[in-house]
Protein chains: 2
Amino acid sequence: MQPLSGFRDFLPASCAERNYIFAKWREVAGRYGFVEFDGPVLEELDLYKKKSGDEIVRQLYEFVDKGERAVALRPEMTPTLARIVAAEHRQFRKPLKWFAIPQVFRYERPQRGRLREHFQLNCDIIGEESPEADAELIALVIDVVRAFGFTSKDFVVRISDREFWMELLKLEKVPSNRWEEMLQTIDKSEREPREKTQERLGKLAKPVFEIFEKGGESAKLTNIIENLRLRGLADFAKVDVRIVRGLAYYTGIVFEVFDRAGKFRAIAGGGRYDQLVAQLSDNAVSMPALGFAIGDVVLGEMIRGHAAARAQMEKTIGAERAVEIYVVIAKEEQRGNAVAMMQQLRDCGYRVDYSLAAAKVARQFRLAEQSRARFAVVFGDEWPQVGVKDLETGQQVLVAHDDVLRHVAEAPSRA
Amino acid sequence: MQPLSGFRDFLPASCAERNYIFAKWREVAGRYGFVEFDGPVLEELDLYKKKSGDEIVRQLYEFVDKGERAVALRPEMTPTLARIVAAEHRQFRKPLKWFAIPQVFRYERPQRGRLREHFQLNCDIIGEESPEADAELIALVIDVVRAFGFTSKDFVVRISDREFWMELLKLEKVPSNRWEEMLQTIDKSEREPREKTQERLGKLAKPVFEIFEKGGESAKLTNIIENLRLRGLADFAKVDVRIVRGLAYYTGIVFEVFDRAGKFRAIAGGGRYDQLVAQLSDNAVSMPALGFAIGDVVLGEMIRGHAAARAQMEKTIGAERAVEIYVVIAKEEQRGNAVAMMQQLRDCGYRVDYSLAAAKVARQFRLAEQSRARFAVVFGDEWPQVGVKDLETGQQVLVAHDDVLRHVAEAPSRA
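Residues numbered from 1 in each chain as written. Chains lettered and ligands numbered in written order. Predicted model: local features only at pLDDT ≥ 70, side-chain atom pairs only at ≥ 80, totals over all residues. Heavy atoms only, no water.

Bringing the sheet that holds strand β17 (residues 396–400) of chain A into the picture now. Residue and element names in this part refer to chain A. Strands sit in the order β14-β13-β15-β16-β17 across an open sheet of 5 strands; the sheet is mixed. Of all strands in the sheet, those bounded by a partner on one side alone are β14 (352–354) and β17. Between one strand axis and the next, the sheet turns by 25 degrees as a mean value, whatever way the strands run. Direction of pairing for strand β13 (residues 325–329) relative to strand β15 (residues 375–379): parallel, over a ladder of 5 bridges. Across the sheet, residue Ile325 finds its bridge partner in β15, namely Phe375. (Pairing = 2+ DSSP bridges. Helix = DSSP H or I, 4+ residues; strand = E, 2+ residues; numbered from the N terminus. Axes fitted to C-alpha atoms, helices over the stretch in contact; angles between N-to-C directions.)

Below, the structure written as C-alpha cells:
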C-alpha cells in the first residue's frame, strides 16, 4: 500500500528537516513578537468561495461530509484567521501579531512534483493600518528566509501596491466589475506571452506596458523601501509593480519572495487585505489586516541546494537527534542494574538508548556508535563498578555505579 | 461564521498549552531514543477497514474524493506506521523506535464535549519481540505522564495480556471466529451491566467472572511489573486483566493509563500488534510491533485540574512567550533609529516588539508591561543616547545607543 497521490510520508530524516524548518519559523516569528494560533484543518466550503481567488477555489479539496455539509480541507489559513478575529477580537489589544504553521491542501490533476498538501508559515498583523506594519511584515519575511543561511545574493522581495493599479483603472475608467480580471491579467503577465496579455488588457494594454517598461512607483512604496533601508535590509527588497498576487482579497501593498537565480516558483508571498474581516463578518467587524505565507516545499528544495544552508541544517539536526548515552549490557544478569541506571539518567534529561534484547558486546558498541552516543556505560563483571567509555576520545574508565551521573555531567561538552 | 462542529480553534493561549504538551511529548520520547516521523492526514479507506476495531471503523471520517477514491481522515496512526514500515523497513536497523504527533479524526453524532479531532502522541517499537520492549514502552508512557508533574498518586497503568484470554478461549473451545467478539465483550465489561456481559459471554461467563474476582496473572505480566520495579516505576503500574483494548489488531500485552480519581476516560492506551505489518503487506513483511497513543484532550483537562501540573505549564508558557525588549519611540523623528536598533537586537535573537503607529509614551510603556518585556529601550531627545529601563526593578539609565546590546546582554538574568 502507498500513500495517496500527492501526499507525503515523513520518514525520520525528512521529518527532522521539516521540524528544523518549523523551529526556525517559530523562532524568527517570536523575535518579532508574534504569537502562535491554529484552526481546524477542515472548514465550511463557504468560507473560501468568492473570498479567495478563482484559482484557489477551483483547486479546493472539497467534499460533502456524512452530515451533508459542504466542507473543504483548508487551502490557506487567512480565511480561518479572519473568521476567528471577527468573532474573538474583543479579548485582544490591537494590533494582533499572530502566526500559524498549518498544513494546507489543494486538489489538482496529479502532475509530477505537484503535491496536494504542504505546510506554511503564516504571519499576520491585524488591526493596524500604519504603513509601518507593511514594513515590519516584509522585514519579518526577509528575516525568516535569512534564518536558514541565505543572503541578499540568494533572494529578493519584490514589493508592489494594488492601489497603484486601482488608481490607473479608475483613471482609465475601467468598470469596477472588471478590476479583478485586469489585476489577474497583470499578475499573470510574466508567465504568459505578451500578445495574450495585450489581448486581455484591451485598451489598458498601452498604459500597462508603459509602466512595465519604465517601472512604476509610489510614495508609499518608496517609504517602505526607506524603512527597510533603516533596518539594513534594503539589499533584500525592490519595488516591482508587476507583482499583483492571485488572491482576490488583497487591497494594498503586496509582495513576493523569489530566489535570485530564478530556479523556483515564488518562495513566499503576502500583502494587505483590509476588507476580508469585514466580508466574513457581514460588516459587523471591520479591521485592517496584512499577512504572508511561506511554504515548506520550495524552501526545503532551496536549503538542500545551497551548501551553507544545507550544512547549517544538517549540523542542527545532528546535534538534536543524537542519543547521549548508550547503555551496554555485557552480562545479562546486569540488565536489572542497567535499566535502573537508565531511568536515573533519563530522569535527569539525558537521551539514553540500549539493546532491548540480549546481544553480543561488540554489536552493542556498534549500535552505540551508530546512534552517535557520546558515552557508553557498560554493565559487566565489575559491578558495582561500571565502565564509562567516551566514544569521541575512546577513553574508558571504571567508576562506582553511583558516580556515573556525576561523571557524565562533569565531562567537557561536545566539540 | 463558526468552526465546524467538533473542531477546535486554537487561540494563542490554548495554542501555547497545546505546544507545551507537544514539547514535553517530544522531549520524553527523545530521552528514550525515539525519533519522529509523520504520514498523511488522509489515507485510503482500505487501510483502516477490517484492520482496526469495529468501533473505530464505524466512526471513520470517510468520503469519496474528486478522483472517486474512497478515503478517510486518519482515525489513528498505527495503520500508517505499519504501511510505511512494510515498505521502507530495509533502510533501518531494527528495532525502530519511532514517535509521531498526528491529529486524528472521527465522525460521530455530535455530543457535548465530543470532538471530531484531537492530537495524539504515538510511540511505537517495531521489530522487537523481547518482553523488554513491552516494559520499555510502558516505562515511556509512565514518564510521558510524569513529565507534566503527575505522580503515582495521580495515575496508574493497568497492564493486561490478550494471550492470557486467548489461552482461556482455546481451553474453553470457543471457535476462533468468535474470539474478537468475546474479547470486545470483556473489554466493555467495566462499562456495561453485569447481566449484559453475562448474556454475551454465554458459557464463558463463569470462568471470566471468576478471573475478574480473583484477578488473573501470568509469568509474562509478572516479569513486566518486575522490570518496572527495577526502574523505580512499580507504583505507577498494576496487572489488571480486564483491560483488553478496542482495536482488533492487538495480539499480546495491552495497557491503559487512568487517573486514580476516576474522573476521566483512559488517558492513554496501547499494546502489541505483532501481525499488523504482515497483514498490511500481504505477508511480504512480518515484524513484531507494539505502541501506545496518548491524546491531548484528556491530558489537557487533567493538567488544568491539577494545581502543580497547571503551575508548571503556566510558568513554562510564560517564560517562552514573553517579549524581552520593548522599544519605546518617545519622539517620532527617532523611529528610524529605533527600527535600526530593533533589527540588531532581533538579529542577536532577542524577542523585540514596539508600537507600529505613533502613540503616547505612557501608552507605549503600558504596552511594554503588558507584553511582559524585561527591558524598555526609549528613543527620545537624548539621542545618540537612549534610555534603558529594567521593567522588573524600575531602574532606568541612559546609555550610548551603540552600548545597548552590551548593556542588555550583561544584565543579570530574570528571576
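Here the narrative resumes.
Residues and elements named next belong to chain A. With respect to topology, 3 strands assemble into an open sheet ordered β2-β4-β3, the strand pairing being antiparallel. Of all the strands in the sheet, the pair left with one neighbour each is β2 (42–44) and β3 (61–64). Averaged over all pairs of adjacent strands, the angle between their axes in this sheet comes to 35 degrees, without regard to strand direction. By the bridge criterion, 4 bridges tie β3 to strand β4 (residues 70–73) in an arrangement that is antiparallel. Bridge assignment links Val64 to a residue of β4, and that residue is Ala70.

Overlaying chain B with chain A gives an RMSD of 0.1 Å, the required rotation being 180 degrees about an axis along which the chain moves by 0.0 Å. On this basis, the relationship between the two copies can be described by a two-fold rotation axis. Of the C-alpha atoms belonging to chain B, the one lying closest to the rotation axis is found on Phe63(B), 3.6 Å away. Taken together, the interface assignments show that 100% of the residues at the interface of chain B recur at the interface of chain A, consistent with an identical surface on both copies. (Least-squares fit on C-alpha atoms with pLDDT ≥ 70 in both. Contact = heavy atoms within 4.5 Å.)

This brings us to the packing of aromatic side chains. Residue and element names in this part refer to chain A. In the structure shown here, the tally under the stated rule is 35 aromatic pairs over all chains. With 5.3 Å between their ring centres and 35 degrees between their planes, Phe37 and Trp98 make a pair best called tilted. Taken as a pair, Phe37 in the loop between β1 (35–36) and β2 and Trp98 in strand β5 (residues 96–100) lie far apart in primary sequence, 61 residues in all. The exposure class of Phe37 is buried, given its relative accessible area of 0%. (Phe/Tyr/Trp six-rings, centres within 6.5 Å; stacked < 30°, edge-to-face > 60°. Buried < 20%, exposed > 50% of the residue type's maximum accessible area, 1.4 Å probe, protein only.)

Glancing now at the domain arrangement of chain A. Taken domain by domain, chain A holds domain 1 (12–315) and domain 2 (323–410). Inter-centroid distance (C-alpha atoms) of domain 1 of chain A to domain 2 of chain A is 51 Å. (Domains from an automatic or database assignment.)

Before going further, it helps to examine helix α12 (residues 307–321) of chain A. Helical geometry: 3.6 residues make up each α-helical turn, so side chains three or four residues apart lie on a common side. All names here are of chain A. Taking 1.5 Å of rise per residue, 15 residues should cover 21 Å, and α12 covers 21 Å from first to last C-alpha, within 8% of that figure. For α12, the set of buried residues is Ala309, Met313 and Ile317. When α12 is viewed along its axis, its buried side chains cluster within an angular range of 55 degrees and face the same direction. Those residues of α12 that are exposed and aimed more than 90 degrees away from the buried face are Ala307, Lys315 and Ala319. Contacts from the buried residues of α12 go to α1 (12–31) and α11 (296–304). (Expected span 1.5 Å × (residues − 1). Arc of directions from axis to C-beta.)

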